[in-house]
Amino acid sequence: MPKPHPPGPAQAAQVDSAGEDRAAGRGGLGVLRVQDPGGTSLRRAARVALVVPLMAAFARSIVGDPGAALFAVFGAFALLGLADFGGPTIPRARAYAITTLAGAGLVALGTLASGNAWSAVAGTVLVAFVVQLPGVFGGYVVAAQTAVLLAFVVAVSVPSPAGAAGARVAAW
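Residues numbered from 1 in each chain as written. Predicted model: local features only at pLDDT ≥ 70, side-chain atom pairs only at ≥ 80, totals over all residues. Heavy atoms only, no water.

Another point: the overall build of the chain. Regarding its fold elements, the chain presents eight helices and zero strands. Starting at the N terminus, the α and β elements of the chain follow one another as α-α-α-α-α-α-α-α. The buried share among the 172 residues of the chain stands at 32%. At a minimum sequence separation of 6, the contacts of the chain that also span at least 24 residues come to 63%. Taken as a whole, the chain presents about 10200 Å² of accessible surface, with 71% of it coming from carbon and sulfur. (Helix = DSSP H or I, 4+ residues; strand = E, 2+ residues; numbered from the N terminus. Buried < 20%, exposed > 50% of the residue type's maximum accessible area, 1.4 Å probe, protein only. Contact = heavy atoms within 4.5 Å. Areas by Shrake-Rupley, 256 points an atom, 1.4 Å probe, with all protein chains shown as cover.)

Here Thr-99 is to be found in helix 5 (residues 89-113). Given a relative accessible area of 6%, Thr-99 falls into the buried group. Residues within four places of Thr-99 in sequence aside, it is in contact with Leu-79, Phe-85, Ala-144, Ala-147 and Val-148.

Okay, the environment of Val-127 next. Here Val-127 is to be found in helix 6 (residues 117-132). Along the primary structure Val-127 and Phe-152 are separated by 25 residues, whereas in three dimensions their C-alpha atoms are 7.8 Å apart. Residue contacts for Val-127: discarding those within four places in its chain leaves Leu-106, Leu-109, Leu-149 and Phe-152.

What follows is about the packing of aromatic side chains. All chains considered together, the criterion is met by two aromatic pairs. Centroid distance Phe-85 to Tyr-96: 4.8 Å. Interplanar angle 90°. Geometry classified as edge-to-face. Here Phe-85 is found in the loop between helix 4 (68-82) and helix 5, whereas its partner Tyr-96 is found in helix 5, with eleven residues between them in sequence. When the ring of Phe-85 is compared with that of Tyr-140, the centres are 5.4 Å apart and the planes differ by 85°; the resulting orientation is edge-to-face. You can see Phe-85 sitting in the loop between helix 4 and helix 5 and its partner Tyr-140 sitting in helix 7 (residues 140-157), a full 55 residues away along the chain. Given a relative accessible area of 5%, Phe-85 falls into the buried group. Assessed through its relative accessible area of 30%, Tyr-140 is described here as partly exposed. (Phe/Tyr/Trp six-rings, centres within 6.5 Å; stacked < 30°, edge-to-face > 60°.)

Turning our eyes to something else, we now look at the confidence of the model for the chain. Atom-level detail of predicted coordinates should not be read off regions where pLDDT is low. Looking at the chain, pLDDT values average 80 and 80% of them are 70 or higher. Across the chain, element-level confidence peaks in helix 6 with a mean pLDDT of 92 and bottoms out in helix 1 (residues 9-12) with 48. (pLDDT = per-residue confidence, 0-100.)

This brings us to helix 5. Over its 25 residues, helix 5 runs 36 Å from end to end, which matches the ideal 36 Å to within 8%, given 1.5 Å per residue. All buried positions along helix 5 are accounted for by Ala-95, Thr-99, Gly-103, Ala-104, Leu-106, Val-107, Gly-110, Thr-111 and Ala-113. Its buried side turned inward, helix 5 meets helix 4, helix 6, helix 7 and helix 8 (165-171). (Expected span 1.5 Å × (residues − 1).)

Take a look at the structure:
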């Protein structure tokens, strides 16, 4: 006789006609444990929820440029929510630092290219190619690609004079 499988996400969220949870005692957190047994997504979401508002406040008050808050928010979200670095603490911290530096360079480059639509398009094609190419090596390079590309795309999408690059990089 085959073993019964635990209910999947669709079955765990179903309720019967009397409004009772079919998953026998599983509320919202029970469903979360079924879908995310190690709590990885919950920890990542908590980090993003705590750090993103703090970075926005930092950019507005310390950096002093209201436009820099956009880069602080996207930078925190990209690094904490999109970059998926696993493994031991020291290599992971190194990967976050290198990704932050690469993102800062691409924010500066994107700010310089944002003045003209043609330079923005050409720069985006070139940067996307250069960022995706090392992905063949795998590892942390692949985990950082989306975050690094987001740095350039946000910078190039919001036209700004070249003098604004310093505040944008500081906020990233």
